[in-house]
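So you can see what is in the structure, the chains are spelled out below.
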There are 2 protein chains.
Amino acid sequence: MAEPGAAPTVAIVVIGDEILSGKFAEENAAWLIPTLRELGAALRRIVVIPDVVSDIGDTVKACAERFDHVITSGGVGPTHDDLTMEGIAGAFGVPVVRHPELERLLRGCYGDRLEERNLRMADVPEGATLVGADHPSWPVTRFHNVWILPGVPVVFRRKFDSIREHFRARPFHVRRAYCLGEEGALAGHLDAVVAGHPEVSVGSYPRFDAREYRVIVTLESKDPAAAERALADLCARLPAGVVVRTE
Amino acid sequence: MAEPGAAPTVAIVVIGDEILSGKFAEENAAWLIPTLRELGAALRRIVVIPDVVSDIGDTVKACAERFDHVITSGGVGPTHDDLTMEGIAGAFGVPVVRHPELERLLRGCYGDRLEERNLRMADVPEGATLVGADHPSWPVTRFHNVWILPGVPVVFRRKFDSIREHFRARPFHVRRAYCLGEEGALAGHLDAVVAGHPEVSVGSYPRFDAREYRVIVTLESKDPAAAERALADLCARLPAGVVVRTE
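Here the structure is a predicted model, which means the values were calculated and not measured.

Thresholds applied
Residues numbered from 1 in each chain as written. Chains lettered and ligands numbered in written order. Predicted model: local features only at pLDDT ≥ 70, side-chain atom pairs only at ≥ 80, totals over all residues. Helix = DSSP H or I, 4+ residues; strand = E, 2+ residues; numbered from the N terminus. Rg over C-alpha atoms; globule rule 2.2 N^0.38 Å. Buried ≥ 20, exposed ≤ 12 C-beta atoms within 10 Å, placed from the backbone. Contact = placed C-beta atoms within 7 Å. Expected span 1.5 Å × (residues − 1). Arc of directions from axis to C-beta. Pairing = 2+ DSSP bridges. Axes fitted to C-alpha atoms, helices over the stretch in contact; angles between N-to-C directions. Parallel < 35°, antiparallel > 145°, perpendicular 65-115°, else oblique. Left-handed = near helix turned anticlockwise from the far one by under 90°. Nonpolar A, V, L, I, M, F, W, Y, C, P; charged D, E, K, R; others polar. Core = buried A, V, L, I, M, F, W, Y, C linked by C-beta atoms within 7 Å. Domains from an automatic or database assignment.

Here we look at the overall build of chain A
Now for step 1: For chain A, the helix and strand inventory stands at eight helices and twelve strands.
Now for step 2: In summary, chain A has a C-alpha radius of gyration of 22 Å against a globular reference of 18 Å for 247 residues, an excess of more than 25%.
Now for step 3: Oriented by its inertia axes, the alpha-carbon framework of chain A measures out at about 75 × 35 × 30 Å.
Now for step 4: Out of the 247 residues belonging to chain A, those deemed buried represent 46%.
Now for step 5: At a minimum sequence separation of 6, the contacts of chain A that also span at least 24 residues come to 69%.

Structure below.
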């Protein structure tokens, strides 16, 4: 895959037995895919893992070392299955510590109803900072390049909206050619387009449900002129009538 | 997380730039989650990765070493972005070879329309076998414990249906308690249930959108009596009125 221009790379780590067991549908990665895309960020990996400390630590650390940003979903809260902070802290070799500002916010929020266990939500890996604390929503906990978000979708979205500008980059531009014919007949022409346009990412997707075309070819770049040139090149290479429309 | 009884563990590896970039919604893992659950298999990981040979190889190999089964989706076909076979073969240190039975099927299917590139769909990691060849659908390529499926959802589902009995195990049993009150107030009681019922997996899920309850507690086991005992224990521990209903 050609890297479609400079963009911050992102991994999403979804933490929760409830997703893998089908008790709740995955909503947060599904929402982030188009959201990150629109921001111009390059999503490179999604991993869904169970509520296991070592899985959380190993997965988040590996992604943090490889990608510009990691966004975690889930495993933050007061119960036994909320292990995200412990997992991340352990993998990075730091203790979990109580964050005084989060403790203050929690005490203010719960008042007399505060249970000691609610204060677990003030526990973070040592060195974590709060981002967006002046936003009307709760601040987001950031540990190095890891953004630690809760799993409940409505809260996840509100929190991500408060940090979304950290992910903004030049937008992607995609052109599409809808083609007749088998992928096998297109493959050689696509190879030539891939070789001639290294700044363009080329995808080929057969469809068996459509009527007027059989394959969608996508040509994508951060440079709109480059995507346009690749589309023109593809159309010129293919026999007349193969491309039924472009967009 | 308590392991809820003996079940084959499964990882799903979804291969495709088109998912990460939001060009197509992810449908295959989303369909497999409830399907595997109903079969009694234990899904332990979902990874979505781009069309990059090293990512494919590293991810599939790591999952194959750790879990009983790996199911891959996507990256099989005749074009430049179809790299699953090459990725898996490279990671396992074997060449990609043309499978004579797949070549025969492809030649029969395409007839005069066959392009040389279509035969790439007969190329598999050396040592791969075909499963379900007597089924009316195309056979599934299996390499050790890796089941290699195509990404187009209608074909993915048809192929998985032909191999689904390989994943069948004792069913899971889930009981649920719908509770009033904050998770923080429940947390200590849940700890006691977790400690007292090691054969039961206990989950706690706050809901902010429901009216008559605040938290769903799930109690899950391959042994229905064990899930039932854990539910009874939880209800006995919680103050009267906290559990508004069970199922």
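Here the narrative resumes, following the displayed structure.
Looking at helix 8 (residues 224–237) of chain A
All names here are of chain A.
Now for step 1: Relative to the 20 Å expected for 14 residues at 1.5 Å per residue, helix 8 spans 20 Å between its end C-alpha atoms, a close match to the ideal helical length.
Now for step 2: Of the positions making up helix 8, those classed as buried are Ala226, Ala227, Ala230, Leu231 and Leu234. Along the axis of helix 8, the buried positions cluster into a sector of 140°, meaning they face one direction only. Of the exposed residues in helix 8, those oriented more than 90 degrees away from the buried face are Ala225 and Ala236.
Now for step 3: Those residues of helix 8 hidden inside the fold are in contact with strand 9 (173–179), helix 7 (183–196), strand 11 (215–221) and strand 12 (243–246).

Notes on the sheet that holds strand 10 (residues 201–206) of chain B
All names here are of chain B.
Now for step 1: Read across the open sheet, the four strands follow the order 10-11-9-12; overall the sheet is antiparallel. Where the open sheet ends on each side, the last strands, each with one partner, are strand 10 and strand 12 (243–246). On average, each strand axis in the sheet is inclined to that of its neighbour by 20°, with strand direction left out of account.
Now for step 2: Pairing between strand 10 and strand 11 (residues 215–221): six bridges, direction antiparallel. Directly across from serine 204, in strand 11, lies its bridge partner valine 217.

Remarks on the packing of helix 3 (residues 53–66) of chain A against helix 4 (residues 84–92) of chain A
Residues and elements named next belong to chain A.
Now for step 1: At a minimum axis distance of 7 Å, the contact between helix 3 and helix 4 shows a crossing angle of 60°. Relative to helix 4, helix 3 is oriented oblique. Here helix 3 runs over helix 4; the crossing is right-handed. Contacts from Val53, Ile56, Gly57, Asp58, Val60 and Lys61 in helix 3 reach Thr84, Glu86, Gly87, Ile88, Gly90, Ala91 and Phe92 in helix 4.
Now for step 2: Partitioning the contact of helix 3 with helix 4 into residue classes produces six nonpolar, four polar and three charged.

Section: the nonpolar core
Now for step 1: Ile12 and Val13 of chain A together with Ile12 and Val13 of chain B are the most contacted members of the largest nonpolar core, which has 90 residues in total.
Now for step 2: The residues contacting isoleucine 12 of chain B, other than those within four sequence positions of it, are Ala29, Leu32, Leu43, Ile46, Ile71 and Ser73 of chain B.

A closer look at unusual backbone geometry
Residue and element names in this part refer to chain A.
Now for step 1: The phi torsion at histidine 144 lies on the positive side, around 50°, for a residue other than glycine.
Now for step 2: Tracing the backbone shows histidine 144 in the loop between strand 7 (140–143) and strand 8 (146–149).
Now for step 3: Overall, histidine 144 belongs to the partly exposed group, with 15 C-beta atoms counted inside 10 Å.

Digging into the domain arrangement of chain A
Now for step 1: Structurally, chain A comprises domain 1 (9–167) and domain 2 (173–246).
Now for step 2: Each of domain 1 of chain A and domain 2 of chain A has a C-alpha centre, and these two points are 39 Å apart.

Section: the interface of chain B and chain A
Now for step 1: Residue-level contacts link 48 residues of chain B with 48 residues of chain A.
Now for step 2: Of all the secondary structure elements, the ones that give two or more residues to the side of chain B that touches chain A are helix 1 (17–20), helix 2 (28–39), strand 2 (42–49), helix 7 (183–196) and strand 10 of chain B.
Now for step 3: Top contributing element to the side of chain B that touches chain A by residue count: helix 7 of chain B, with eight residues.
Now for step 4: Grouping the constituent residues of the side of chain B that touches chain A by class yields 22 nonpolar, twelve polar and 14 charged.

Focus: the environment of aspartate 223 of chain B
Residues and elements named next belong to chain B.
Now for step 1: With respect to the helices and strands, aspartate 223 occurs in the loop between strand 11 and helix 8 (224–237).
Now for step 2: Assessed through the 14 C-beta atoms surrounding it within 10 Å, aspartate 223 is described here as partly exposed.
Now for step 3: Put simply, aspartate 223 and valine 174 are 49 residues apart on the chain and 9.6 Å apart in space, counted from C-alpha to C-alpha.

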